[in-house]
Amino acid sequence: MHEYFHKALEALPTLARFAFCMMLIVIIPRLSRRVRLPEVVGLLLAGVLFGPHVLDVFPMQHPVLRFFSEVGMLLLMFFAGLEIDLALFRQKIFRSLGFGVVTTSLPLLLGTLVTFWLGYDLLPALVVGSLLASHTMLGSTIVARLGARRLEPMVVTTGATLVSDTLALLVFAVCVPMYASGFSVSGITIQVVEIVVFVPLMLFGLGRAGEHLLRRVEDEEETYFILMFGILAVTALLAERINLPGIVGTFLAGLAVNAAVKDKPAKHKLEFIGNTLFIPIFFIVTGFMIDPFELIRTISQDYLLALGIIGALIVGKWLASEICGRAFGYGTAARRTMWSLTLPQVAATLAATLVAYRTFNAAGQPLLDARMLNAVLIMVLVTAILGPVLTQLYAPRMLAAAKGSGNNG
């Protein structure tokens, strides 16, 4: 019976599989909301269930879904750059910079030390540290719903996200080509120079050129939409030309055109098509790589690995929130809310992990192996649930304390 079922699945045409994937995108988010599970986690689990390791409805290298997944990963990082509120960042720029640096460096340091202590080489350990350094503010919708977005601790945390994601991606961008091509002083020097030139070129050169082009076609919505897609593709390609992951280019592109595209109809349409089609497929296809039996083995045999990186993340982000929150004079509830918002590791973490898993050195060894991939996915699952739960607990207390004291802290 199993063999007959497997042969029937193998005979399914490509478009039939794609249609089934569309059905999952419609059903899974609704089911996830009903059981109070983050939609991202639901899509990942759907990918596991229907992927090659369980029901095998989809093969690992499905051509259509693979293409959509690649576009989804690039859009995910483009939107991460677009969604950062630069106006709020400028309001409390020094505090945002301070918290951003601390909430990046502490998890980066602890994650690197723990991974190195658990037997990994320095470069993979640094990459894991960089994954822990960034964060996805899954709880921001809770804060917005409470009307607490403009409280100073939330403005600072939002600004710190810009700093954290950028610094983490830059560390990642240095490590990936170094691992793929090997260590050499001249090679590292060239790579650093390329990054030093590339980042300002993207942020300022592309920012001005993009603003100029977009302003010229702002009355032509279709052209505006296509131009944004073109910026996405070109910046990813430029990043790859200097051996950087494409996601670094698209994140910087999002930052560069952030102000120019704000509140434009074409931007909302791009977000609509990205968030309803490409990005969900990215999460589902990521789930294809998760072998649940290996995941169970990781939990039972390599539990120290998963516990180590989760512990490094939780402690690092907590220390950062405590140190900066106390220095800025924020109350306990505000500090805990800042901590909860910086815990979830979803968007940038998944995208970067996928790149690292597909990066090989001269000996054919992946930058992050299957053990670490499983450990990171466990961390994603844990933090995607824990972060919003803690935000729901502490954010109302922060708002009540701010109203009671008549200030933003």
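Per chain, the residues get numbers from 1 upward, laid out in the order the sequence is written. Residues qualify for local features only when their pLDDT is at least 70, as the model is predicted, and side-chain atom pairs are given and counted only at 80 or more; totals for whole chains, interfaces and linings, by contrast, use all residues. With hydrogens and water excluded, all non-hydrogen atoms of the structure serve as input to the side-chain values.

A.B. asks: What exactly am I supposed to notice about the environment of Ala266 here?
C.D. replies: Secondary structure follows DSSP: runs of H or I at least 4 residues long count as helices, runs of E at least 2 residues long count as strands, and numbering of each begins at the N terminus. With respect to the secondary-structure elements, Ala266 resides in helix α14 (residues 265-288). Exposure is judged per residue with a 1.4 Å probe applied to protein chains only, and the accessible area is read against the type maximum: over 50% gives exposed, under 20% gives buried, and values in between give partly exposed. Judged by its relative accessible area of 2%, Ala266 falls in the buried class. With 84 residues separating them along the chain, Ala266 and Leu350 place their C-alpha atoms 27 Å apart. Throughout, a residue-residue contact means that at least one pair of heavy atoms, one from each residue, lies within 4.5 Å. Non-local contacts of Ala266, meaning those with residues more than four positions away in its chain, are made with Glu221, Tyr224, Phe225 and Met228.

A.B. asks: It is not clear to me how the nonpolar core should be interpreted in this structure. Could you clarify?
C.D. replies: Within soluble globular proteins, side chains that are nonpolar tend to cluster in buried spots. Among buried residues, those of type Ala, Val, Leu, Ile, Met, Phe, Trp, Tyr and Cys that are joined through side-chain atoms within 4.5 Å constitute a nonpolar core. In this structure, Ile247, Ile281, Phe283, Leu350 and Met372 are the most contacted members of the largest nonpolar core, which totals 114 residues. Here this core takes 12 residues from helix α4 (residues 63-82), the largest share from any one element. Beyond its immediate sequence surroundings of up to four residues, Phe283 is in contact with Val40, Leu43, Leu44, Leu76, Val346 and Leu350. Of all hydrophobic cores here, the second largest spans 19 residues; its members include Tyr330, Met338, Met398 and Ala402.

A.B. asks: Sorry, what's going on with helix α9 (residues 152-181) here?
C.D. replies: Residue pairs three or four apart in sequence face the same way in an α-helix, which turns once every 3.6 residues. Take the number of residues in a helix, subtract one, and multiply by 1.5 Å to get its expected span. The terminal C-alpha atoms of α9 lie 44 Å apart, and with 30 residues this matches the ideal 44 Å at 1.5 Å per residue to within 8%. Buried residues dominate α9, accounting for 24 of its 30 residues.

A.B. asks: Explanation requested: the packing of helix α16 (residues 303-327) against helix α19 (residues 370-405) in the structure shown.
C.D. replies: The angle between the axes and the distance between the axes are what describe a pair of packed helices. Whenever a helix is involved, its axis is fitted only over the stretch in contact; in every case the axis is a line through C-alpha atoms, and angles between N-to-C directions fall within 0 to 180 degrees. As a packed pair, α16 and α19 sit with axes 9 Å apart at the nearest point and diverge in direction by 45 degrees. The pairing of α16 with α19 is recorded here as oblique in orientation. Here α16 runs over α19; the crossing is right-handed. Across the interface between the two elements, Leu305, Ala306, Ile309, Ile310, Leu313 and Ile314 of α16 pack against Arg371, Met372, Ala375, Val376, Ile378, Met379, Val382, Thr383 and Leu386 of α19. Put simply, Ala, Val, Leu, Ile, Met, Phe, Trp, Tyr, Cys and Pro go in the nonpolar bin, Asp, Glu, Lys and Arg in the charged bin, and everything else, Gly too, in the polar bin. Within the contact of α16 with α19, the residues separate by chemical class into 13 nonpolar, 1 polar and 1 charged. Should an angle fall under 35 degrees it is taken as roughly parallel, and over 145 as roughly antiparallel, whereas 65 to 115 is taken as roughly perpendicular and any remaining angle as oblique. Handedness of a helix crossing follows the sense of rotation of the near helix relative to the far helix, less than a right angle counterclockwise being left-handed and clockwise being right-handed.

A.B. asks: Teacher, can you tell me more about the packing of helix α17 (residues 332-341) against α19 here?
C.D. replies: For the pair α17 and α19, the least separation of the axes is 8 Å and the interaxial angle reads 155 degrees. Considered as vectors, α17 and α19 are oriented roughly antiparallel to each other. Crossing hand, α17 versus α19: left-handed. Residue-level contacts link Ala333, Ala334, Arg336, Thr337, Trp339, Ser340 and Leu341 of α17 to Gly387, Leu390, Thr391, Tyr394, Ala395, Arg397 and Met398 of α19.

A.B. asks: For this particular structure, what's the right way to read the environment of Thr298?
C.D. replies: As for its placement among the helices and strands, Thr298 is situated in helix α15 (residues 292-301). For Thr298, a relative accessible area of 0% translates into the label buried. Separated by 76 residues in the primary sequence, Thr298 and Asn374 place their C-alpha atoms 6.9 Å from one another. Discounting chain neighbours no more than four positions away, the residues touching Thr298 are Tyr303, Arg371, Asn374, Ala375 and Ile378.

A.B. asks: How should a nonpolar patch on the surface be read in this particular structure?
C.D. replies: A patch is a set of surface residues, each over 30% in relative accessible area and not in a salt bridge, joined within 9 Å for like charges and within 5 Å for the nonpolar side chains Val, Leu, Ile, Met, Phe, Trp and Tyr. Using a 1.4 Å probe, accessible areas were evaluated by the Shrake-Rupley method; residue-level cover was limited to the displayed protein chains. In what follows, salt bridge is the name for a side-chain nitrogen of Lys or Arg lying within 4 Å of a carboxyl oxygen of Asp or Glu. A cluster of nonpolar side chains, namely Met23, Val26, Ile27 and Leu31, defines an oily patch on the protein surface of about 330 Å² accessible area. Its place among the elements puts Met23 in helix α2 (residues 14-34). A residue is classified by how much of its surface remains accessible, and Met23, at 39% relative accessible area, is partly exposed.

A.B. asks: I'm lost on the side chain of Ser321 in this one. Help?
C.D. replies: Within the fold, Ser321 resides in helix α16. Taking relative accessible area as the criterion, Ser321 reaches 1% and is therefore assigned buried. Dropping the residues within four chain positions of it, Ser321 is found in contact with Phe99, Arg326, Arg335, Met338, Trp339 and Thr342.

A.B. asks: So what exactly am I meant to see when it comes to the environment of Ser140 here?
C.D. replies: On the secondary structure map, Ser140 appears in helix α8 (residues 140-146). Distance in space between the C-alpha atoms of Ser140 and Pro388 is 8.5 Å, their sequence separation being 248 residues.

A.B. asks: Can you walk me through empty space enclosed by the protein in this structure?
C.D. replies: To locate leftover empty space, one rolls a probe as large as a water molecule over the atoms. Both site types are read off a 1 Å grid over the protein atoms alone. A 1.4 Å probe that fits but cannot get out defines a cavity, while an open set with protein on both sides within 12 Å along at least five of seven lines defines a pocket; lining residues have an atom within 4 Å of a point. Grid points are joined across faces, edges and corners, and a volume is the space filled by probe spheres set on the points. Tallying each qualifying case throughout the model produces 1 cavity of 30 Å³ or more. Of the pockets and cavities examined, the largest cavity occupies roughly 50 Å³. Lining the largest cavity are Ser130, Leu131, Ser134, Ala168, Leu169, Phe172, Ala348, Thr349 and Ala352. Breaking the lining of the largest cavity down by element, the ones donating at least two residues are α7 (122-133), α9 and α18 (347-357). Residues belonging to the lining of the largest cavity are distributed by class as follows: 6 nonpolar, 3 polar and no charged.

A.B. asks: How should I be thinking about the packing of aromatic side chains in this particular structure?
C.D. replies: Centres within 6.5 Å are what make two rings of Phe, Tyr or Trp a pair, Trp counting through its six-membered ring; a difference in plane orientation under 30 degrees is then read as stacked, over 60 as edge-to-face, and the rest as tilted. Counting across every chain of the model gives 9 aromatic pairs. Connected via pairs of aromatic rings, a cluster forms that spans Phe18, Phe67, Phe68, Phe225, Phe229 and Phe278.

A.B. asks: Would you explain the pattern of salt bridges in this entry?
C.D. replies: Between side chains of opposite charge, a pair can form when the charged atoms approach closely. Counted under the stated rule, the structure contains 9 salt bridges. For Lys269, the salt bridge is made with Glu221, and the minimal N-O distance between the two is 2.6 Å. Here Glu221 lies in helix α11 (residues 221-241) and Lys269 lies in helix α14, a separation of 48 residues in the sequence. Residue class for Lys269 comes out partly exposed when judged on its relative accessible area of 45%. The closest approach of N and O atoms between Arg336 and Glu322, which form a salt bridge, is 2.5 Å. Placement of the pair is Arg336 in helix α17 and Glu322 in helix α16, with a sequence separation of 14 residues. For Glu322, a relative accessible area of 8% gives the class buried. Residues joined in a network through salt bridges with shared partners are Glu322, Arg326, Arg335 and Arg336.

A.B. asks: Hey, could you run me through a negative patch on the surface in this one?
C.D. replies: A cluster of acidic residues, Glu218, Asp219, Glu220 and Glu222, forms a negative patch on the protein surface. Mapped onto the elements of the fold, Glu222 is located in helix α11. Its relative accessible area of 63% is what places Glu222 among the exposed residues. Charge convention: Lys and Arg are scored as positive, Asp and Glu as negative, and His as well as the terminal groups of each chain are ignored. Charged side chains are reduced to one point each, which is NZ for Lys, CZ for Arg, CG for Asp and CD for Glu.

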